[in-house]
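Each chain is listed here by its residues.
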Amino acid sequence: MSYKPKTALGRAVNEIEETLIAVLLGLMTLITFANVVARYVFNANVLWALETTVFLFAWLVLIGASYIVKISGHLGVDAVVNLLSPGGRRIATLIAGLCCIAFSVLLLIGAWQYWSPFIGKQAWYEVNDIRMPDWLRFIEPIMNEGEAYEKLPRFIPYAALPIGMALMTFRFCEATWNIWRGESGLLIASHEVEEMLEEASLGRHEEK
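Worth saying up front: this structure is predicted, and the values here are computed from it rather than measured. Per chain, residue numbering runs from 1 following the sequence as it is written. Restriction of local features to residues with pLDDT of at least 70 applies here, the model being predicted, together with a cutoff of 80 or more for giving and counting side-chain atom pairs; totals for whole chains, interfaces and linings are based on all residues. Note that the side-chain values use all heavy atoms of the structure and ignore hydrogens as well as water.

A few words now on the overall build of the protein. What counts as a helix is a DSSP run of H or I of at least four residues, what counts as a strand is a run of E of at least two, and both are numbered from the N terminus. Scanning the protein from N- to C-terminus turns up 6 helices and 2 strands. By definition, residues are in contact when any of their heavy atoms lie within 4.5 Å. Across the protein, contacts joining residues at least 24 apart in sequence account for 70% of those joining residues at least 6 apart. Computed with a 1.4 Å probe, the accessible areas rest on the Shrake-Rupley method; for each residue, only the protein chains presented here act as cover. A total accessible area of about 13400 Å² is found for the protein, and carbon and sulfur atoms account for 67% of it.

The structure is reproduced here in structure tokens:
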């Protein structure tokens, strides 16, 4: 489903999401490939590869969930909604949108409460294997009282939680607003996904 942001904020968030998703996928692929080559060709192991891939995957999942809200790609059950009149369907969808906003706000609050200690009293916590890159040393006087980090501080990869939930909240607000304005009908992919799967299945049968 195509998506065309109508505001400057929407365009900015759209660019950030799509760029991050592309970069994260690319980095995960390169790191995993490099680790496989190192292990099976050179009988070596990239110690930080697994942990890095896990963190990148967490960022990808959280930002990807927000992206799927944007394109109405999340799966859902619309059997009851389709029994309603157009007006009733719109009201039900708006209520669902408000529930999604409330849920995402709660997740955002929880994500902030979990992450915020890592930029406070627990700012010295480090990850297990990823070494601290030199170009990030400027944060040491700010976050670690001038003490050098040996490994990457945890607040950097863990920032995926508040950022992902903030994007999710923004996208649910945007989707609900579009339904209120009559520019969209549902929050979910509904039967469009079923039709796409059927078309793909028919295409494979025709090729055979």
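The structure having been displayed, the exposition proceeds.
Below, the discussion takes up the pattern of salt bridges. Any two side chains of opposite charge can pair if their charged atoms end up close together. Whenever Lys or Arg places a side-chain nitrogen within 4 Å of a carboxyl oxygen from Asp or Glu, that contact is recorded as a salt bridge. For the structure on display, the rule yields 4 salt bridges. Its salt-bridge partner being arginine 171, residue glutamate 17 comes within 3.0 Å of it at the nearest N-O pair. Taken together, the residues glutamate 17 in helix α1 (residues 8–40) and arginine 171 in helix α5 (residues 160–180) connect sequence positions 154 residues apart. Relative accessibility decides the category of a residue: with a 1.4 Å probe and only protein chains considered, values under 20% of the type maximum give buried, values over 50% give exposed, and everything between is partly exposed. Accessibility expressed as a relative area gives 0% for glutamate 17, which makes it buried. For aspartate 134, the salt bridge goes to arginine 137, with nearest N and O atoms at 3.5 Å. When salt bridges with common partners are traced through the structure, they connect Glu17, Arg171 and Glu174 into a single cluster.

Mapping alanine 148 onto the fold places it in the loop between α4 (140–143) and β2 (151–153). In this structure, the C-alpha to C-alpha distance between alanine 148 and arginine 137, residues 11 residues apart in sequence, is 7.6 Å. If near-sequence neighbours (up to four positions away) are discounted, alanine 148 is found in contact with Arg137 and Glu140.

For threonine 53, the position within the fold is in helix α2 (residues 49–70). Those residues in contact with threonine 53 that lie beyond four places of it in its chain are Met28, Ile31 and Thr32.

Throughout, nonpolar core names a set of buried Ala, Val, Leu, Ile, Met, Phe, Trp, Tyr and Cys residues whose side chains join them through atoms within 4.5 Å. The biggest cluster of nonpolar side chains holds 29 residues, and the ones touching the most others in it are Leu24, Trp59, Ile63, Met132, Tyr149, Leu152 and Phe155. Elements with a contribution of two residues or more to this core: α1, α2, α3 (86–115), β1 (126–131) and α5. Those residues in contact with leucine 152 that sit more than four places away from it in its chain are Tyr125, Glu126, Val127, Ile130, Arg131, Met132, Pro133, Leu136 and Pro157. In terms of nonpolar packing, the next biggest core, distinct from the first, is built from 5 residues, Ala65, Val69, Met168 and Phe172 among them.

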